[in-house]
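# Architecture at a glance
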Amino acid sequence: MNRGDEAAAGRTGSVNGVPAGSPGRIAAKPALRRFHQARWDEKLIFELSSPGERGVLPPLPDAGVREVAGDPVADLPAALRRSTPPGLPEMSQLHVLRHYLRLSQENLGVDLNVDVGQGTCTMKYSPKVHDRLVRSAKLADLHPLQDEETVQGVLEIIYRLEQMLCEISGMDRMSLQPGAGSAAIYANVAMIRAYHESRGEAGQRDEVITTVFSHPSNAACAKTAGYQVVTLYPDADGYPDLDALKAAVGPRTAALLITNPEDTGIFNPRIHEFVRIVHEAGGLCAYDQANANGVLGITRARDAGFDLCHFNLHKTFSTPHACGGPAAGACGVTAELARFLPGPVVDFDGTRYTLTTPQDTIGPMRPFHGVAPNLVRAYSWITSLGAAGLREVAEIAVLNNNYLMKRILEIKGASAPYAPGRRRIEQVRYSWRELTEETGVGSHDIGLRAADFGTHYWTSHHPHIVPEPFTLEPTESYSKADLDEYAAILAEIAREARENPETVRTAPHNSTVHRNREDTLDDPSAWAVTWRAYRRKHVAARDR
Amino acid sequence: MAQARPPFVHPYIPNAVPAIKAEMLAAVGAAGVEEFYADVPETIRLRRPLDLPEPVRSESELVRHVQGLLNRNTSAGEALSFLGAGCYRHYVPAVCDEVAGRSEFLTAYAGEPYEDHGRFQALWEYQSLMGELLEMDVVNVPVYDGYQAAATALRMAGRVTGRRRLVVASAVDPAKLSKIVDYVRPVHDLTVVPAVNGLADLEAVRRALAGADVAALYAEAPSYLGTVDPGLPELAELAHAAGALYVVGCNPISLGVLTPPAGYGADLVCGDIQPLGIPMQFGGGQAGFIASRDEERIVAEFPSRLFGLVPTAVDGEYGFGDVAYERTSFAVREEGREWVGTAAALHGIVAGVYLALMGPEGMREIGETIMMNTRYAMRTLAEVPGVGIPYGSAPHFGEFAVRFRPGISAAEVNRALLAENIFGGAILSGDTALICVSELHTRSDVDTLAAALKEIVR
């Protein structure tokens, strides 16, 4: 019995006052679930290969084709004709399927856990009916270069979704082409660059200002596009420092990229002042609304004066996160900037939907027209909820967050830095600083122990300005019972940190695998990104 | 008397139940949700309902509405399609769909290597399966698409060499080239050496590389025109003689029969994995890969996540984690390499399933079938009066250009084909189109196209 199992047994020795093992008595479930994740102890797929087995058979050329075509592979120049077959596994169909089903069971998605631990990422329910719709051949089997007459249905959906997102943001036009949120941030930065170029100020305006509690991609995309990055830090109240902004803006300012609320969940009430200061210096303002879940129908990017904004459709608008994409991004702009949008966009002349390229487009962000299945999903989600439903989403997400904050702050050793006593919007950045000082157990260890209870937990974006951070975002999808369960799990782990810290430090115990020995991940002589590298660096060395 | 209807509670919002809502408000000491928005200034409050279409009430009405819109599309499978140009209609094995639809994968995100061990192993295996196909030791977790993969591979080459110029030797999709130019321009100047007869102009490439200031020479296999350039190995020699890296974009489904670019000297290989078991989805199936040798100076320049195999506390257990994480923007914001974020991971898992199903023999067979069908189509269409195959003497994989006689444009041809329920090739220019054939095209499909063109072009 390992440490985690012992701990679980300890919890269940007496359940709801009933001693375990009372004869004939069916005991109620304990307050905390005795979770154990699937542990198939599954080999690597290459270790499952059995020479000669086949997984799927492709068609061979039709009769008569060879007579006309000859043998084009044999006719290739020798240097271009593959001489050694690829070292792919040889497996029957069932064995491939079984392997991947086992791996899927060793994964927790929103559908399986109370997924409030990945704050900033808006982990909400993705309706199953959307998956059914996008699997339809009427979408899945569309080529993006088909004649517009044959794709009027999907173009209408994209057009309508753009209209909806314009209303939700207050912007005049949106491009739905970016593949995800960071791609939309990059598109916004590229439009900012094109705008300043069009005014002959590109050389002068070489700085982009952002805040440390905005997503790292704001800083990274600006740098990639050629800008110097100026980062604002929070003031004592947790707001981005207004004096620091005043000191930073000037003739070199190209733009401000900012989130509101930031990762702290605190709404910046002076946001329009930030926008005004940057505008007066000749810069543009882009609102990172990757996560807009708490402000749907409450306040809009345009109303605060922003020139650009972006949404992550896989966050606020319910499309699934898919282990890290495919996702979808939407970037919105004012009428003045619409000519720079990445293209094509969909226009409607009253009878026909057409793909058109904006006049001074920054060019395509990706091949074709965006991640169409996720555009259909987002459209379906908004269509199911309507204006009142979106407002309800925001209000319940915010209620859930403030309720969970109450429960978390009841745990000794947990705190919510900045703005004490004030409400939060959709998420909170918390700190275990006091617990860590008391017990030596930190946020990373607590996260790994949370896996033992069947939940996901994340320590927060770097840098860790807030010590021993964690960020919880309970969207509208979770019930009060879910939130109570998550808070109870963290309370239990905090108790363990005091009473039995080794249990936490050596977690996970009930997960698919035990704690990594990670010392090889930064060692070029030992890291193994592929089976080839693993065999060369480890298997060959072991066999020597 | 009729009973009062219970309040409307949306199925996606459990805590909309009034009693629960009231209980939670009481627990936090709030009179109403409005209190939570106290920090939002009145000047920026939206004091009217959003102007959105009336919602549908039920799931069945949603299906009727959205499926009704989708039904206005004509899918490629309902017609006879010869469209390719970066998005390909191959057979998608049922097991690929099954895994893609597993909710454990579909709804997970950024879990740790413990509760999301399955995701890490499946993506590490994807990297590894691609590594076998490409004969390279390092493959990334997918980026957005093949455009991004090429643009990033070129910036990686720039960081590795510290040089400014980039040279493109193959015919490249103009939209892709536009993306690359936009993406590299803060740090690179890009020279396109026009292809001649569908192939790289080796002498002109040699001249373009003369300044010893070139970071990367970029070529594609097959090129945008479907040609498999016999000069690809010589381009490697030219690049390396000039101290440049050789970056090759390739179509992975060709690699059961074509030599992987590493086999003729590529330093970085990139492309799009959509052909590997991912439906077209109107362009939503794209996902990019970048591969390299296992050299620290190159690995250090990947922006993407690279999952690595590690031991755990228990012998014989496989753990996974991030290799060299400190190079990423997740770790060090703007000090990282470009950026990393949500991109196209699930497509990577599915491409891995595809490669595992196909195995070495399946990849060889599908490559042979596609090359054979391509050659059959080229020879059959060459017999049609008024249709020319401009680069017909070069080897081709999956696609080839056709040129129509003077007086009829490719757009006119495609309109006439559409009337016959045939989707003609992607238009390359006024009189040329790019015909794509795959393993799914039968002999009779190609003969049908030839017969239609005979009527249209004559």
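As the structure is a prediction and not an experimental result, all values here were calculated from the model.

Thresholds, definitions, all that
Residues numbered from 1 in each chain as written. Chains lettered and ligands numbered in written order. Predicted model: local features only at pLDDT ≥ 70, side-chain atom pairs only at ≥ 80, totals over all residues. Heavy atoms only, no water. Helix = DSSP H or I, 4+ residues; strand = E, 2+ residues; numbered from the N terminus. Rg over C-alpha atoms; globule rule 2.2 N^0.38 Å. Buried < 20%, exposed > 50% of the residue type's maximum accessible area, 1.4 Å probe, protein only. Contact = heavy atoms within 4.5 Å. Areas by Shrake-Rupley, 256 points an atom, 1.4 Å probe, with all protein chains shown as cover. Lys, Arg positive; Asp, Glu negative; His and termini not counted. Charge placed at Lys NZ, Arg CZ, Asp CG, Glu CD. Axes fitted to C-alpha atoms, helices over the stretch in contact; angles between N-to-C directions. Parallel < 35°, antiparallel > 145°, perpendicular 65-115°, else oblique. Left-handed = near helix turned anticlockwise from the far one by under 90°. Nonpolar A, V, L, I, M, F, W, Y, C, P; charged D, E, K, R; others polar. Buried area = accessible area lost by both parts, 1.4 Å probe. Salt bridge = Lys/Arg side-chain N within 4 Å of Asp/Glu carboxyl O. Expected span 1.5 Å × (residues − 1). 1 Å grid on protein atoms, 1.4 Å probe; cavity = no way out; pocket = protein on both sides within 12 Å on 5 of 7 lines; lining within 4 Å. Points joined across faces, edges and corners; volume = space filled by probe spheres on them. Domains from an automatic or database assignment. Pairing = 2+ DSSP bridges. Polar contact = N/O pair within 3.5 Å; in protein donor to acceptor, adjacent residues only side chain to side chain. Bend = angle between axes of the 7 residues up to and from the residue. Phe/Tyr/Trp six-rings, centres within 6.5 Å; stacked < 30°, edge-to-face > 60°. Lys NZ or Arg CZ within 6 Å of the ring centre and 35° of its normal.

Let us now look at the overall build of chain A. Summing up its helical and strand segments, chain A has 16 helices and 13 strands in all. By the compact-globule yardstick of 24 Å for 544 residues, chain A fits well, its C-alpha radius of gyration being 27 Å. Dimensions of chain A along its principal axes, counting C-alpha atoms only, are 75 × 75 × 50 Å. By the burial criterion, 65% of the 544 residues in chain A qualify as buried. Pairs at least 24 residues apart make up 72% of the contacts formed inside chain A by residues separated by at least 6 positions. In the structure as shown, chain A presents an accessible area of about 18,200 Å², 50% of it carried by carbon and sulfur atoms. Within chain A, one finds 58 positive and 66 negative side-chain charges whose respective centroids are separated by 4 Å.

This part covers the packing of helix α3 (residues 93-105) of chain A against helix α12 (residues 345-382) of chain B. The N-to-C vectors of α3 of chain A and α12 of chain B enclose an angle of 155°; their axes lie 10 Å apart at closest approach. Here α3 of chain A lies roughly antiparallel to α12 of chain B, going by the angle between them. The handedness of the crossing between α3 of chain A and α12 of chain B is right-handed. Residues Gln93, Val96 and Tyr100 of chain A of α3 of chain A form the contact with α12 of chain B, whose own contacting residues are Ile349, Gly352, Val353, Ala356 and Leu357 of chain B. In the contact of α3 of chain A with α12 of chain B, the residues fall into 6 nonpolar, 2 polar and no charged.

We now examine the interface of chain B and chain A. Buried accessible area, meaning the area lost when the parts come together, often serves as the stated size of an interface. Every contact between the two is made by 193 residues of chain B and, on the other side, 216 residues of chain A. In total, chain B and chain A occlude about 18,100 Å² of area from one another, counting both sides; carbon and sulfur atoms represent 62% of this. Inspection of the chain B/chain A interface yields 20 salt bridges. Of the charged contacts in the structure, one is a salt bridge between Asp294 of chain B and Lys537 of chain A, with a shortest N-O distance of 2.6 Å. Ranked by the residues each element gives to the side of chain B that touches chain A, the list is headed by α12 of chain B, at 25 residues. Class assignment for the residues of the side of chain B that touches chain A results in 103 nonpolar, 45 polar and 45 charged.

Moving on, we come to helix α14 (residues 480-499) of chain A. The end-to-end C-alpha distance of α14 of chain A, which contains 20 residues, comes to 28 Å, matching closely the 28 Å that a straight helix rising 1.5 Å per residue would cover. Those residues of α14 of chain A lying buried are Lys480, Leu483, Glu485, Tyr486, Ala487, Ile489, Leu490, Glu492, Ile493, Ala494, Glu496 and Ala497 of chain A.

It is worth spelling out the layout of surface pockets at this point. Of the voids in this model, the second largest pocket is the one considered here, and its volume is about 790 Å³. Going through the elements one at a time, β11 (353-356) of chain A together with α7 (174-184), α13 (410-419), β13 (422-423) and β14 (426-429) of chain B are the ones with two or more residues in the lining of the second largest pocket. Residue contributions to the lining of the second largest pocket peak at 4 residues, all from α13 of chain B. Among the residues making up the lining of the second largest pocket, the classes are represented as 19 nonpolar, 9 polar and 5 charged.

Quick look at empty space enclosed by the protein now. Residues and elements named next belong to chain B. In total, this model carries 10 cavities of 30 Å³ or more according to the counting rule given. What lines the largest cavity is a set of 29 residues, among which Ala85, Gly86, Tyr88, Lys176 and Asn251 lie closest to the centre. Elements with a minimum of two residues in the lining of the largest cavity: α6 (146-161), β6 (245-250) and β7 (268-272). Both domains that furnish three or more residues to the lining of the largest cavity are identified here as domain 1 (77-91 + 360-457) and domain 2 (94-354). In this structure, the second largest cavity spans a volume of roughly 90 Å³.

All names here are of chain B. In terms of domains, chain B is made up of domain 1 (77-91 + 360-457) and domain 2 (94-354). Centre-to-centre, using C-alpha coordinates, domain 1 lies 28 Å away from domain 2. On the side of domain 2, 26 residues touch domain 1, which itself brings 24 residues to the contact. Buried area between domain 1 and domain 2, summed over both chains or domains, comes out near 2,000 Å², and the portion from carbon and sulfur atoms is 70%. Considering only the surface of domain 1 that becomes buried against domain 2, Met363, Tyr391 and Phe397 emerge as the three largest contributors, covering 30% of it. Summed over the shared surface of domain 1 and domain 2, the result is 0 salt bridges.

Sheets are built from strands that pair by backbone hydrogen bonding, the pairs being arranged parallel or antiparallel. Residues and elements named next belong to chain B. Pairing is mixed across the open sheet formed by 7 strands, whose spatial order is β2-β8-β7-β6-β5-β3-β4. The two strands at the open ends of the sheet, each matched to only one other strand, are β2 (138-139) and β4 (189-192). The pairing of strand β5 (residues 214-221) with β6 spans 6 bridges and is parallel. Residue pairing for β6: Tyr218 is matched across the bridge by Val247. Along the sheet, α6 contacts β3 (165-168), β5, β6, β7 and β8 (288-292); its crossing angle with β7, the most-contacted strand, is approximately 165°.

Another aspect to go through is the pattern of salt bridges. Residues and elements named next belong to chain A. Following the criterion strictly, the structure yields 77 salt bridges over all chains and no others. In this structure, Glu485 engages Arg33 in a salt bridge whose closest nitrogen and oxygen atoms are separated by 2.7 Å. Pair noted here: Glu485 is in helix α14 and Arg33 is in the loop between β2 (18-19) and α2 (65-69), with a separation of 452 residues, a long-range link. We classify Glu485 as buried; its relative accessible area is 16%.

Residues and elements named next belong to chain B. Tracing the backbone shows Tyr183 in helix α7. Taking the relative accessible area as the measure of exposure, Tyr183 reaches 1% and is therefore buried. Spatially, the C-alpha atoms of Tyr183 and Ala4 are 61 Å apart, while their sequence positions differ by 179 residues. Side-chain polar atoms of Tyr183 contact the side chain of Glu338, separated by 2.7 Å.

Residues and elements named next belong to chain B. Taken in spatial order, the 4 strands line up as β11-β12-β15-β14 in an open sheet, and their pairing is antiparallel. The two strands at the open ends of the sheet, each matched to only one other strand, are β11 (387-388) and β14. Bridge count between β14 and strand β15 (residues 432-436): 3 bridges; the pairing is antiparallel. Pairing of Ser429 across the sheet is with Thr432, part of β15. Docked against the sheet, α13 engages β12 (399-404), β14 and β15, running at close to 165° with respect to β14.

What follows concerns the side chain of Arg429 of chain A. All names here are of chain A. Structurally, the position occupied by Arg429 is in strand β12 (residues 428-431). There is a polar contact of 3.2 Å between the side chain of Arg429 and the side chain of Asp263. For Arg429, the side chain forms a polar contact with the side chain of Ser460, separated by 3.4 Å. Other than its neighbours up to four places away in sequence, Arg429 contacts Thr120, Phe213, Asp263, Thr264, Ala416, Pro417, Ser460, His461, Val466, Pro469, Phe470 and Thr471.

What follows is about helix α11 (residues 372-409) of chain A. All names here are of chain A. Spanning 38 residues, α11 covers only 42 Å between terminal C-alpha atoms, well under the ideal 56 Å at 1.5 Å per step. Taken as a whole, α11 carries its principal kink of about 95° at Gly386. Most of α11 sits out of view: 33 of its 38 residues are buried.

A cis geometry characterises the amide bond from Asn260 of chain A onward to Pro261 of chain A, with omega recorded as -5°. Looking at the secondary structure, you find Pro261 of chain A in the loop between β6 (253-259) and α10 (271-280). Look at the link from Ala221 of chain B to Pro222 of chain B: it is a cis peptide, with omega at -5°. On the secondary structure map, Pro222 of chain B appears in the loop between β5 and α9 (232-241).

A full pass over the atoms with the stated rule returns 18 aromatic pairs over all chains. Judged by centre distance (5.6 Å) and plane angle (55°), the ring pair of Tyr159 of chain A and Phe348 of chain A falls under tilted. Remark: Phe348 of chain A occurs in strand β10 (residues 345-348) and Tyr159 of chain A occurs in helix α6 (residues 152-169); sequence separation between them is 189 residues. Tyr159 of chain A gets classed as buried once you look at its relative accessible area, which sits at 19%. With centroids separated by 4.8 Å and ring planes inclined at 10°, the aromatic side chains of Trp432 of chain A and Phe470 of chain A adopt a geometry described as stacked. Of this pair, Trp432 of chain A sits in the loop between β12 and α12 (433-439) while Phe470 of chain A is found in strand β13 (residues 469-472), placing the two residues 38 residues apart along the sequence. Look at Trp432 of chain A and you get buried, because its relative accessible area is 0%. Taking the relative accessible area as the measure of exposure, Phe470 of chain A reaches 0% and is therefore buried. Linked through ring pairs, Tyr430, Trp432, Tyr457 and Phe470 of chain A together constitute an aromatic cluster. Cation over ring: Arg155 of chain B sits above Tyr183 of chain B, and NZ or CZ is 5.3 Å from the ring centre.

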